[in-house]
Amino acid sequence: MVSVAHLTRPQRWDSPFDLGMGESDVASLMERSEIVAINAAAFPDQTPLAGILQNDTRIAYYKAGDIVVREGDYGNSAFLILSGKLRVFVGDYPDALLGRDRTKKKGIFATISQIWTNSNIPEARDTKMYESQAVRSGDSRGARSRRRSSPTRVFVQDIPAVLDECRTAEMGEGELFGELAALGRIPRTATIFAETDVALLEVRWQGLREIRRFDDRFRRAIDQRYRQNALLVHLGETELFSSLDEEILGKVADATLFETYGAFDWHVSFQRLQSSGQGGVEHEPAIARQGDYADGLLMIRAGFARVAIEFGSGQRTLTYLGAGDTFGLEELYAAWKSGETVSLGASLTALGYVDVLRVPAQVLEKYVFPEIASPPVETVDTGTRTLAENALLEWAVEERFINATKSMLIDLNRCVRCDDCVRACASTHGGNPRFIRHGKTFDHWMVANACMHCADPVCMIGCPTGAIHRSEVGGTVVINDETCTGCATCASSCPYNNIRMVEIRNRSGGALVDPDLKRPILKATKCDLCYANPGAPACVRACPHEALSRFDFQRDTLMEGDLS
Amino acid sequence: MNLIRIRHLMIWLAAGIVFDLLLVEGRSVQVQLESPSELTGYWMLGTIIFLALFNLRKRLSMLPLGNASTWLTLHVVIGVFALAVFWLHTRTIWPNGMYEKTLAILFYLTVLSGIIGYLIQRIYPRLITQTGIEVIFERIPLRVSELRQKAEALVLECCDQTRVDTLGRHYLDSLQWFFSRPRFTFNHIVGSQRSRQWLKHQDEAVRRYLNEDERKYLDDLSRLARQKEHIDLHYTLQGAMKRWLLVHIPLTAALLALSFWHFLVVNVYSL
C-alpha cells in the first residue's frame, strides 16, 4: 500500500516582501495619486492591486545621505518616492563614495612584499581598515518595527560637499526609478542618494511585472521609457539594424515587443531542481517551439536561452544564446524571399531568466530585409557533431556553466593534483586561497569551485552595501572587504557555491566577535582573478602542466590537448 | 600546430643551437691549446642553478615571473641539455676520483628522478581520471574511514537480519584487511590489476556459501570495495606524484652544494 502525504500547494504570496506591511499601510498607499492612477479593476481576483502592494512592496526609510541605488549594481526592485528628496549623479563622482573597493593594482614593491607580509594566521585582517567605512544601519521605525533586522547601508558622509563638487539632479515625491534595471536584469545606470530623510515604496520585480501586465498605462509608460532610454541605442548597435536611418530605426523600435521568460530569481529554483534531479529542457519555459511559424525576430537582451531540436525521445541542444544574439532570422528571411510559410527549425527555451525583444516579421519585411544584400548565414551547427562531441555542451548548459565568463576549467588528464594553483592563489591573497580545487566533473574536465565572474551575476542581487560589484576595468566581480557586512546574501545566491563565508581574525590571530550579537564577524570571499596583482590570475600562471584555464563556454573553443 | 607545441619546439631548437655553439666554442678553446673543461664547467654550473630556480619560481607565485608551464618546458629541455653538457665536461660517462664519482652519482640520480617524475606526471593523471571519481589527497584517509564504517555497518546488518554470520566471518578474515587502509600500493604504482583480481576472488570465494538475502549484502559490499579500490589508486598515484619531489629536490640541493664546492676547489687550486 503506497502511503500518501499531504502538502498544501505553495501560493504566490507565501513569502511576502515584508511581513511588516500592514493593511493600514496598503490603505494609505491606495489613496496616493500614483496608485490611484493604476487601474485596479484590471487586476484579476487572485492578484489584486492591494494584494500586490501588501505582498510585493515595502516602505523603506532612508536617512539623508543614504545611497539608495548605485551605478553598476544589480537590483530586483524599483522605487516610488513617497516623501523627501533624492539626488541622482549626472556627472563623475568619486568611486570611494559608493563603498566600492579602492584597491589599486599592486606595484612591484607591494607585489614582492607579499613574500613577508602574507600571514600564517588564516583570514587575518588589519582591523583599522574597517574604521573608515561609510556603512550604517538602516532606519527601522514605524511599520518596520516588525522586521527582523535593519538593513545596512552605505551613505554619503558630506552631502553639501558632494552637491558642491558633483553634478546632480533632484528627484522628488511621486517619481519612480529603478524599474528598467529591475525588469530588464541589467545593471543600474545611475547612483541615487537621499538628500533629505526619505520614504520610498520599494516594489520587487514580481510586483512590477504584475502591474506592468495588468495596467496598460503603466506598461506603456515603462515601455516608452525603455524605448526612449535604451532600445534605440540597442537596435542601432545591432548589426542587422545598423544600416537603417534614424527615422526607420524609430519605427522598428516602436513596433518592438518586450517579453520576459523564466523567474528573475532562477538561481533559487535551479538549486532546488538540481538537488532533486529535475533539471532539463522539459522544465524550461518555451520562448519559441520547433515547427511553429516564425512571427518575429527574437533578440536576447539579458540572460540565456537554449536552442534545441527534437531528437529521439528528448531534445538535443545545438547551442545557447546570450545577450545580443538573435533567433529566427534565417527562417524569417527565407519566408520573405520565397513568399511561403517557413517554420522554425529549432526550439528556444529560457535558461533561467531571459529578457527578449521581439521584432515583428512585418516590420522586418518592410524595413530591414530589402536592405540586406546577402541572406543571413546559418550559424548553428545542426548535426555535424556526434552525440559524444555534443555531450560537453549539454553538460555545460545543464549545469548553467554557460553563465561563466571565467570558469576555472581543469583538464584532469593533465592535472597532477599538485595544488600549485591553490598555493599560488593563497600567496596573492594574504595567505588564504580563494577557491577549492574540487568541483563538478565531466569526462576529463572539471569546473572547480572558483568564482566564474558570471555574465548574469545573481550574487550581486540584494547585497545591502554593494560590497560585491564589478570592477571598472575588465568587469571582474569583486568584493570590497571593508563594506562587506557578512550577511551571506551573495553566498546563498551563488548557484555554484563559489562564495565562502569566513570568520576573520586580527593580525595577532584573535577571533573578531560582534559585541552585540556575540557572533564571529564574517566576510564573503571568492576569486577576484588577482585583479590587484600584476600579470594573469596566479592560478593559471602557476600550473606547470597547462591543465588549468579560465574558460568562457560561449567564446572559447574546447579542443583536446589545447587550453590556450 | 597549437601555440603550446610551437613554444616547446622553439625551446628545443634554441637548446640545440646553444649546444652546437658550445661545441664550436669548446673546439676553438682546444685549438688554442687550452682546456674546454673550464668553459663547459661554467655552463654546467649555470644550467644546474637555472634548473634549481624552478622550485623558487613555484614558491614565488605572487611575482610575475612567467608561466610555470614555460618554466617546466625550460626545465625539461635544459635538464636534457645539462646531461649533454655533463658528458662534454667530463668527457666520460663515469669519471675517476672519489669526489667526481660522488658528483656523477648525484647528477645521474637527480636526472633519473627527474625523468621518472616527468613520466609519472604524464601517465598517472589519465589513470586517476579513468576511475571516474575525484578526491582531494588530504581527504583520502577520511574517505577510507567512511567506507570502512559503511562496510562494517553493512556486514553487521547482514548478520543481524539474516541470522547467519558467513559474510561477517569472511569480512573479518579478508576484507577487513582491505578496508583498514590503502592497499595494493605497489600494484597501483606499476599499473597492475591485482587489486581487482583479488576483490573478484574474495567475492567468488564467499558467494557460493550465501543465501539470496546475504548475496544482496555482498553486492553492496563489493560496490563499496570497488570504490575503495579507486580511492586506493588515487592515494597511491597522487602520493607518488607528490612524493617524487621529496627525492628530486634533496638530490638537487646536494648536487648544488657539491657543485659549488667543486667550483671553489677548481678555482682555488687548479686555475
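Residues numbered from 1 in each chain as written. Chains lettered and ligands numbered in written order. Predicted model: local features only at pLDDT ≥ 70, side-chain atom pairs only at ≥ 80, totals over all residues. Heavy atoms only, no water.

## Brief notes about the overall build of chain B
Quick reminder of the rule: Strands are runs of DSSP state E lasting at least 2 residues, helices are runs of H or I lasting at least 4, and numbering of each runs from the N terminus. For this measure, only C-alpha atoms enter the radius of gyration; the expected value for a globule follows 2.2 Å times N^0.38, where N is the number of residues. Think of it in three bands: residues with accessible area under 20% of the maximum for their type are buried, residues over 50% are exposed, and the middle band is partly exposed, with areas taken using a 1.4 Å probe on protein chains only. Should any heavy atoms of two residues lie within 4.5 Å, those residues are considered in contact. Throughout, the Shrake-Rupley method with a 1.4 Å probe supplies accessible areas, and for residues the shown protein chains are the sole cover considered.
When its secondary structure is counted, chain B shows nine helices and zero strands. Helices and strands in chain B line up, N terminus first, as α-α-α-α-α-α-α-α-α. Rg of the C-alpha trace for chain B: 27 Å, well past the compact-globule value of 18 Å for 271 residues, more than 25% over. Scored against the burial criterion, the 271 residues of chain B give a buried share of 41%. Nonlocal contacts in chain B, meaning residues at least 24 apart in sequence, comprise 75% of its contacts between residues at least 6 apart. Looking at chain B as shown, the accessible area adds up to about 15,600 Å², and 63% of this sits on carbon and sulfur atoms.

## Quick notes on the domain arrangement of chain B
What counts is decided by this rule: Marked domain ranges trace back to an automatic or database domain assignment.
Taken domain by domain, chain B consists of domain 1 (3-119 + 247-269) and domain 2 (137-239). Computed from C-alpha atoms alone, the centre-to-centre distance between domain 1 of chain B and domain 2 of chain B is 48 Å.

## Digging into the packing of helix α2 (residues 37-59) of chain B against helix α3 (residues 68-90) of chain B
Residues and elements named next belong to chain B. Heads up, the condition is: The convention used is that axes are lines fitted to C-alpha atoms, helices contributing only their stretch in contact, and that angles between N-to-C directions extend from 0 to 180 degrees. Roughly parallel means an angle under 35 degrees; roughly antiparallel, over 145; roughly perpendicular, 65 to 115; everything else is oblique. Crossings are classed by handedness, with left-handed meaning an anticlockwise turn of the near helix from the far one by less than a right angle and right-handed meaning a clockwise turn. Here the term charged refers only to Asp, Glu, Lys and Arg, the term nonpolar to Ala, Val, Leu, Ile, Met, Phe, Trp, Tyr, Cys and Pro, and the term polar to all other amino acids, Gly among them.
Here α2 crosses α3 at 155°, and the two axes come no closer than 9 Å. Regarding the angle of α2 to α3, the classification is roughly antiparallel. Along this stretch, α2 crosses α3, giving a crossing that reads as left-handed. Here the residues of the contact of α2 with α3 sort into 16 nonpolar, seven polar and one charged.

## Here we look at a nonpolar patch on the surface
Test applied: The residues that make up patches have over 30% relative accessible area and no salt bridge, and they are joined within 9 Å when like-charged or within 5 Å when they are Val, Leu, Ile, Met, Phe, Trp or Tyr. Salt bridge, as used here, is a side-chain nitrogen of Lys or Arg placed within 4 Å of a carboxyl oxygen of Asp or Glu.
Together, B:Leu3, B:Ile6, B:Leu9, B:Met10, B:Leu13, B:Ile17 and B:Leu21 give the surface a local cluster of nonpolar side chains, amounting to about 720 Å² of exposed area. In this fold, B:Leu3 is placed in helix α1 (residues 3-31).

## Describing the environment of B:Phe178
Residues and elements named next belong to chain B. Considering the arrangement of structural elements, one finds phenylalanine 178 in helix α6 (residues 166-180). A sequence separation of 30 residues divides phenylalanine 178 from arginine 148, and the C-alpha atoms of the two residues are 9.1 Å apart. If near-sequence neighbours (up to four positions away) are discounted, phenylalanine 178 is found in contact with Arg183, Phe184, Trp198, Leu199, Ala225, Lys228, Glu229 and Asp232.

## Section: the pattern of salt bridges
All names here are of chain A. Under the criterion given, the structure shown has 34 salt bridges over all chains. Residue arginine 87 pairs with glutamate 170 through a salt bridge whose shortest N-O separation is 3.6 Å. With arginine 87 in strand β4 (residues 86-89) and glutamate 170 in strand β8 (residues 168-171), this residue pair connects regions lying 83 residues apart in the sequence. Using a relative accessible area of 44% as the deciding quantity, one classes glutamate 170 as partly exposed. Aspartate 419 is the partner of arginine 437 in a salt bridge, and the nearest nitrogen-oxygen pair spans 2.5 Å. Of this pair, arginine 437 sits in strand β19 (residues 436-442) while aspartate 419 sits in the loop between β18 (407-411) and α14 (420-427), placing them 18 residues apart in sequence. Among the ionic contacts, a cluster of salt bridges with common partners joins Glu284, Arg306, Glu394, Glu398 and Arg400.

## Quick look at unusual backbone geometry
Look at A:Cys530: it is not a glycine, yet its phi comes out positive at around 55°. Among the structural elements, A:Cys530 can be located in the loop between β25 (522-525) and α16 (538-542). Taking the relative accessible area as the measure of exposure, A:Cys530 reaches 7% and is therefore buried. For B:Arg91, which is not glycine, the phi torsion reads 55° and is therefore positive. Considering the arrangement of structural elements, one finds B:Arg91 in the loop between α3 and α4 (98-129).

## Topic: the interface of chain B and chain A
This is how the line gets drawn: When two parts are put together, the accessible area they lose, computed with a 1.4 Å probe and summed over both, is reported as buried area. Identification of polar contacts relies on pairs of N or O atoms within 3.5 Å, with a donor-acceptor requirement for protein atoms, meaning one able to donate a hydrogen and the other able to accept it, and with residues adjacent in sequence counted only if both atoms are side-chain atoms.
Residue-level contacts link 31 residues of chain B with 35 residues of chain A. Summing both sides of the interface, chain B and chain A together bury roughly 2,600 Å²; the carbon and sulfur share of this comes to 56%. Taken together, chain B and chain A are joined by three salt bridges. Residues B:Glu134 and A:Arg417 are paired through a salt bridge, measuring 2.4 Å at the closest nitrogen-oxygen approach. At the surface where chain B touches chain A, the tally comes to 10 residue pairs in polar contact (both at pLDDT 80 or more). Looking at the side of chain B that touches chain A, the elements that each hand over two or more residues are α1, α2, α3, α4 and α9 (212-270) of chain B. Of all the elements, α4(B) adds the most residues to the side of chain B that touches chain A, at five residues.

## A look at the state of the cysteines
Between two cysteines, a covalent bond joining their sulfur atoms is known as a disulfide. Residues and elements named next belong to chain A. Note the threshold: For the purposes of this analysis, a disulfide is any pair of cysteine sulfur atoms at a distance within 2.5 Å.
Counted according to the given criterion, the structure contains zero disulfides over all chains. Among the cysteines around cysteine 494, which has no disulfide bond, cysteine 459 carries the closest sulfur, lying 6.3 Å off. Assessed through its relative accessible area of 8%, cysteine 494 is described here as buried.

## Comments concerning the packing of helix α7 (residues 205-214) of chain A against helix α8 (residues 216-237) of chain A
All names here are of chain A. Between α7 and α8, the least distance of the axes is 5 Å, while the angle of their chain directions is 110°. Here α8 runs roughly perpendicular to α7, going by the angle between their axes. Counting all contacts with α7, which are made through Leu208, Ile211, Arg212, Arg213 and Phe214, the residues of α8 involved are Asp216, Phe218, Arg219, Ile222 and Asp223. Here the contact of α7 with α8 is composed, by residue class, of five nonpolar, no polar and five charged.

## Brief notes about the sheet that holds β4(A)
Residue and element names in this part refer to chain A. Here is the rule: Two strands qualify as a pair provided that DSSP identifies no fewer than 2 bridges between them.
Read across the sheet, four strands follow the order β2-β10-β4-β8 without closing on themselves; strand pairing throughout is antiparallel. Each having just a single partner strand, β2 (67-69) and β8 make up the two edges of the open sheet. Direction aside, the axes of adjacent strands within the sheet are offset by 30° on average.

## Description of the sheet that holds strand β3 (residues 77-83) of chain A
All names here are of chain A. Strand order in this open sheet of four strands is β1-β11-β3-β9, and the pairing throughout is antiparallel. The open sheet has two edge strands with one neighbour each: β1 (57-62) and β9 (176-177). In the sheet, β1 pairs with strand β11 (residues 198-204) via six bridges, with the strands oriented antiparallel. Bridged to tyrosine 61 within β11 is alanine 199.

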